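Examination of the molecular architecture
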Amino acid sequence: MIIFIFLQQEGGLVFGGGEPLLYSAFIKEFIKKYTKTGWKFTLETSLSVKKESIENIIHCIDYFIVDTKDMDKTRYEIYTKGSYDLFLSNLKYLLETVGADKIRVRVLKIPKLNTYADVRLNYELLKNMGFTEIEIFDYIEIDKHKRISDVALKNKNDFVDVANNNFIKDYIISEIIIKIAPLLDFHIKNFPEELWKDI
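Residues numbered from 1 in each chain as written. Predicted model: local features only at pLDDT ≥ 70, side-chain atom pairs only at ≥ 80, totals over all residues. Heavy atoms only, no water.

**Some words on the pairing of strand S3 (residues 40–45)**
In this structure, strand S2 (residues 12–16) lies alongside S3, joined through 4 bridges in parallel fashion. Residue pairing in the sheet places valine 14 in a bridge with threonine 42 of S3. Note on the crossover from S2 through helix H1 (residues 24–34) to S3: the handedness is right-handed. In the sheet, S3 pairs with strand S4 (residues 63–67) via 4 bridges, with the strands oriented parallel. Bridging across to S4, threonine 45 finds its partner in valine 66. After leaving S3, the chain enters helix H2 (residues 51–57) and then returns to the sheet as S4, a path that is right-handed. (Pairing = 2+ DSSP bridges. Helix = DSSP H or I, 4+ residues; strand = E, 2+ residues; numbered from the N terminus. Right-handed = clockwise from strand over helix to strand, strands pointing away.)

Here it is in structure tokens:
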């Protein structure tokens, strides 16, 4: 867990990750100890934890930043190897409990996972759920910028293998559609009118 402290203006503190909700008991005690400072407490989370961890500190936190990864169940579970249903349940619980004005959700464009069209759909889904602060940005591949653990690297490589296989299938299908559709269109337009006028 990483703690960022901001001393400008009124001051504040952000609990970041890893996943800070794994340390919810510590965070709760920490906030109790420093409540008199007047700091605002923010938590950056993926919400991929048991609901009890959120319930334990939800009323201690002033603002939440939620990393959604992807709002499609298949892509989410391929990428995170976690439960989409757990994440979605926690996301809805957070929204119902603290309200949209205390939450910023992040929509990521992740290389080999989703397209910009997918990101747009993710954005619309979150907006329709009631979120008002939605941030879209490109994901930075961490192994290009710093060393990561063997487990994290293996998970990333497993994902890339699956993504590459899916990409190849999708590419072949899209190439077939791109090449065949104009031919079909040409032949349909050139059918004698009596063959298709009643269709």
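So that's the structure; there's more coming.
**Regarding the packing of helix H3 (residues 73–80) against helix H4 (residues 84–98)**
Close contact between H3 and H4 brings their axes to 9 Å; oriented N to C, the two are set at 110°. In terms of orientation, H3 and H4 fall into the roughly perpendicular class. Listed contacts from H4 to Lys73, Tyr76 and Glu77 of H3 are Tyr84, Asp85 and Phe87. (Axes fitted to C-alpha atoms, helices over the stretch in contact; angles between N-to-C directions. Parallel < 35°, antiparallel > 145°, perpendicular 65-115°, else oblique. Contact = heavy atoms within 4.5 Å.)

**Observations concerning the packing of aromatic side chains**
Under the definition given, this model contains 8 aromatic pairs. Between phenylalanine 26 and phenylalanine 30 the ring centres are 5.9 Å apart and the planes differ by 45°, which places this aromatic pair in the tilted class. Here phenylalanine 26 and its partner phenylalanine 30 are both found in helix H1, 4 residues apart, which amounts to about one turn of the helix. In this structure phenylalanine 26 comes out as partly exposed when scored by relative accessible area, which is 42%. Accessibility expressed as a relative area gives 16% for phenylalanine 30, which makes it buried. Above the ring of tyrosine 93, the side-chain terminus of lysine 51 is found at 4.4 Å from the ring centroid. (Phe/Tyr/Trp six-rings, centres within 6.5 Å; stacked < 30°, edge-to-face > 60°. Buried < 20%, exposed > 50% of the residue type's maximum accessible area, 1.4 Å probe, protein only. Lys NZ or Arg CZ within 6 Å of the ring centre and 35° of its normal.)

**Describing the nonpolar core**
One finds Leu91 and Ile103 to be the most contacted residues of the largest nonpolar core, which totals 35 residues. Put simply, the parts of the chain that give this core at least two residues each are S2, H1, S3, H2, S4, H4, strand S5 (103–109) and helix H5 (116–129). The dominant element in this core, judged by the number of residues it contributes, is H4, at 8 residues. (Core = buried A, V, L, I, M, F, W, Y, C linked by side-chain atoms within 4.5 Å.)

**A word on the confidence of the model for the protein**
When pLDDT is averaged along the protein, the result is 79; 67% of the residues meet or exceed 70. The element-level mean pLDDT for the protein is lowest in helix H7 (residues 193–196), coming to 45, with H4 highest at 97. Segment residues 175–199 is flagged for pLDDT under 50; beyond a separation of four residues in sequence, or across chains, it makes 4 contacts in the model. (pLDDT = per-residue confidence, 0-100.)

**Observations concerning a nonpolar patch on the surface**
A surface patch of nonpolar side chains, amounting to about 340 Å² of accessible area, comprises Leu22, Tyr23 and Phe26. Counting through the fold element by element, leucine 22 comes out in the loop between S2 and H1. With a relative accessible area of 61%, leucine 22 lands in the exposed category. (Patch = residues over 30% accessible without salt bridge, like charges linked within 9 Å, V, L, I, M, F, W, Y side chains within 5 Å. Areas by Shrake-Rupley, 256 points an atom, 1.4 Å probe, with all protein chains shown as cover. Salt bridge = Lys/Arg side-chain N within 4 Å of Asp/Glu carboxyl O.)

**Comments concerning H3**
Residues of H3 that are buried: Arg75, Tyr76 and Tyr79. Mapping the buried residues of H3 onto a view down its axis gives an arc of 100°, with all of them on the same face. At the N-terminal end of H3, a side-chain oxygen is found 3.2 Å from the backbone nitrogen of threonine 74, two or three residues along, and the residue is aspartate 72. Looking one or two places after H3, you find lysine 81, whose phi comes out positive at around 60°. (Arc of directions from axis to C-beta. Polar contact = N/O pair within 3.5 Å; in protein donor to acceptor, adjacent residues only side chain to side chain.)

**Regarding the pattern of salt bridges**
Under the definition given, this model contains 10 salt bridges. Glutamate 135 is the partner of arginine 106 in a salt bridge, and the nearest nitrogen-oxygen pair spans 3.0 Å. Linking arginine 106 in strand S5 with glutamate 135 in strand S6 (residues 133–138), this pair joins segments that are 29 residues apart in sequence. For arginine 106, a relative accessible area of 16% corresponds to the buried category. The class for glutamate 135 is partly exposed, based on a relative accessible area of 28%. Taking the shortest distance from any N to any O, the salt bridge between glutamate 124 and arginine 120 comes out at 3.3 Å. Here glutamate 124 pairs with arginine 120, and both are found in helix H5, just 4 residues apart, close to one helical turn. The class of glutamate 124 is partly exposed, set by a relative accessible area of 29%. Judged by its relative accessible area of 46%, arginine 120 falls in the partly exposed class. It is possible to trace a salt-bridge network through shared partners that takes in Glu44, Arg104, Arg106, Glu133 and Glu135.

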